[in-house]
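Observations on the three-dimensional arrangement
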Amino acid sequence: FANDISTFLVRTLLLSSDLVMEHKEKKELVKKFINPDLDDITEKLVFTEPYLNANRNNIYPLNKEFVEKELFEDKVLHLEVAKLKFNFMTNAEALIHGDLHTGSIFVKEDKTKVFDCEFGTYAPMGYDVGNVIANMIFAYVNGIANHKEDFCSWVLASIKDVVDQFIYKFNILYKKNVKEPMAKIEGFQEYYLNKILRDTAGYCGTELHRRTIGMANVEDVISIKNEKDRLTAERINILAGKNFILHQERFMDGQSYIDAIEKAKKDALKALR
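Here is a short report on the structure shown in this document. Since the model is a prediction, treat every value here as computed from it, not as a measurement.

**Thoughts on the layout of surface pockets**
- As a volume, the largest pocket reaches approximately 170 Å³.
- Along its surface, the largest pocket is lined by Phe8, Thr12, Leu13, Ser16, Phe33, Leu95, Ile96, His97, Cys117, Gly120 and Asp128.
- Mapped by element, the contributors of at least two residues to the lining of the largest pocket are helix 1 (2-14) and strand 1 (94-96).
- In terms of residue count, helix 1 provides more of the lining of the largest pocket than any other element does, three residues in total.
- Its residues assigned to classes, the lining of the largest pocket shows six nonpolar, four polar and one charged.

**A few points about helix 6 (residues 125-145)**
- The terminal C-alpha atoms of helix 6 lie 32 Å apart, and with 21 residues this matches the ideal 30 Å at 1.5 Å per residue to within 8%.
- Buried residues dominate helix 6, accounting for 20 of its 21 residues.
- Two residues or fewer past helix 6, His147 is found with a positive phi of approximately 55°.

**Points about the side chain of Lys242**
- With respect to the helices and strands, the residue Lys242 is situated in helix 10 (residues 227-246).
- A distance of 2.9 Å separates polar atoms of two side chains, one belonging to Lys242 and the other to Glu70.
- Setting aside chain neighbours within four positions, we find Lys242 in contact with Glu70, Leu71, Asp74, Leu77 and His209.

**Quick notes on the nonpolar core**
- Ranked by internal contacts, the top residues of the largest apolar core, which has 76 residues, are Leu19, Ile137, Ile159, Phe166, Phe170, Phe244 and Tyr257.
- Of the residues forming this core, the biggest block, 13 residues, is contributed by helix 6.
- When neighbours within four sequence positions are excluded, Phe170 is seen to be in contact with Val10, Leu14, Met125, Tyr192, Leu193 and Ile196.

**Quick look at the packing of helix 6 against helix 10**
- As a packed pair, helix 6 and helix 10 sit with axes 9 Å apart at the nearest point and diverge in direction by 150°. Considered as vectors, helix 6 and helix 10 are oriented roughly antiparallel to each other. The crossing of helix 6 and helix 10 is right-handed. For the pair helix 6 and helix 10, contact is made by Ile137, Phe138, Val141, Ile144 and Ala145 and by Asp229, Ala233, Ile236, Asn237 and Phe244, respectively.

**Details of the environment of His147**
- Relative to the helices and strands, His147 resides in the loop between helix 6 and helix 7 (149-177).
- The class of His147 is exposed, set by a relative accessible area of 66%.
- Sequence separation between His147 and Lys263 is 116 residues; the distance between their C-alpha atoms is 19 Å.

**Describing empty space enclosed by the protein**
- Evaluation of the coordinates by the stated rule reveals one cavity of 30 Å³ or more.
- For the largest cavity, the full set of lining residues is Val129, Ile133, Val163, Phe166, Leu197, Thr200, Phe251 and Tyr257.
- Among the residues forming the lining of the largest cavity, the class breakdown is seven nonpolar, one polar and no charged.

**Some points on the packing of aromatic side chains**
- Inspection of every chain in the model, using the stated rule, returns 14 aromatic pairs.
- Arranged with centres 5.2 Å apart and planes meeting at 50°, the rings of Phe251 and Tyr257 form a pair that is tilted. For the pair Phe251 and Tyr257, one class covers both residues: buried.
- Every member of this aromatic cluster is reached through a ring pair, and the members are Phe47, Phe88, Tyr127 and Tyr203.
- The lysine or arginine in question, Arg230, covers the ring of Tyr60, its NZ or CZ lying 4.1 Å from the ring centre.

**A closer look at the environment of Glu80**
- Here Glu80 lies in helix 5 (residues 75-90).
- Separated by 79 residues in the primary sequence, Glu80 and Phe1 have C-alpha atoms spaced 31 Å apart.
- Filtering out sequence-adjacent residues up to four positions away, Glu80 remains in contact with Ile245, Leu246 and Gln248.

**Quick notes on the state of the cysteines**
- Summed over all chains, the structure comprises zero disulfides.
- Cysteine Cys204 remains unbridged, with the sulfur of Cys152 as its closest cysteine sulfur at 16 Å.
- Cys204 gets classed as buried once you look at its relative accessible area, which sits at 0%.

**Here we look at a positive patch on the surface**
- Positive charge collects at one region of the surface, where Lys228, Lys266, Lys270 and Arg273 lie side by side.
- Within the element layout of this structure, Arg273 appears in the segment after helix 11 (254-271).

What counts and what doesn't
- Residues numbered from 1 in each chain as written.
- Predicted model: local features only at pLDDT ≥ 70, side-chain atom pairs only at ≥ 80, totals over all residues.
- Heavy atoms only, no water.
- 1 Å grid on protein atoms, 1.4 Å probe; cavity = no way out; pocket = protein on both sides within 12 Å on 5 of 7 lines; lining within 4 Å.
- Points joined across faces, edges and corners; volume = space filled by probe spheres on them.
- Helix = DSSP H or I, 4+ residues; strand = E, 2+ residues; numbered from the N terminus.
- Nonpolar A, V, L, I, M, F, W, Y, C, P; charged D, E, K, R; others polar.
- Expected span 1.5 Å × (residues − 1).
- Buried < 20%, exposed > 50% of the residue type's maximum accessible area, 1.4 Å probe, protein only.
- Polar contact = N/O pair within 3.5 Å; in protein donor to acceptor, adjacent residues only side chain to side chain.
- Contact = heavy atoms within 4.5 Å.
- Core = buried A, V, L, I, M, F, W, Y, C linked by side-chain atoms within 4.5 Å.
- Axes fitted to C-alpha atoms, helices over the stretch in contact; angles between N-to-C directions.
- Parallel < 35°, antiparallel > 145°, perpendicular 65-115°, else oblique.
- Left-handed = near helix turned anticlockwise from the far one by under 90°.
- Phe/Tyr/Trp six-rings, centres within 6.5 Å; stacked < 30°, edge-to-face > 60°.
- Lys NZ or Arg CZ within 6 Å of the ring centre and 35° of its normal.
- Disulfide = S-S within 2.5 Å.
- Patch = residues over 30% accessible without salt bridge, like charges linked within 9 Å, V, L, I, M, F, W, Y side chains within 5 Å.
- Areas by Shrake-Rupley, 256 points an atom, 1.4 Å probe, with all protein chains shown as cover.
- Salt bridge = Lys/Arg side-chain N within 4 Å of Asp/Glu carboxyl O.
- Lys, Arg positive; Asp, Glu negative; His and termini not counted.
- Charge placed at Lys NZ, Arg CZ, Asp CG, Glu CD.

This is how it looks when you write it as structure tokens:
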């Protein structure tokens, strides 16, 4: 899975960007794929409502005070989310899937298929990469609640591999396919990839938050019956998401995500004692 999805991400994102495409052709595609109505849904459900206590949020009642403190009252967090929102709205970087959660991916032993791309638009590359990672974390917290240790270990290893393989393949494809002369200036490739990785962390965080307390909850969490287990799952999502958003520059490889997830788990369990 990690091999297939990282290849999909690198090829669809890099090859549809100004780094590779002829600029006029790419701008024509931006016009073709713009969808104001669906973009508006993302801009509200992902980047606004989970932080400003919207009426249609779905908050687990036992977690209400924690959500208010960690998400609604944190002004520093709100500023970083505002930056991510306007980056999404104004940065037509590449053609993204736009809703790349695990429910939009079929996986067999020998192949992986991505579908359900009606939210496709031109936006920051890191949005798709971050969404994949966040939805793997949802699977992880569900695995914790159901005491599936082997599955949890596989998920964490897969998250690490998705990030590291994305970086490896991006660098190879960049050198092979980039045609823009200014993008070949020494140091620019590293600068550009680091920006994608920062965006990836930030958008991973917003996806974790909106699918935990926003209008569209994720089944991995709401299906957890035990109250303590559900609180643990939600708080891992919330705390890890905040870390990703507030410290985007720290997440430059796969291991940094594993460390953050494990820290969030430790802090979530500590808060419930």
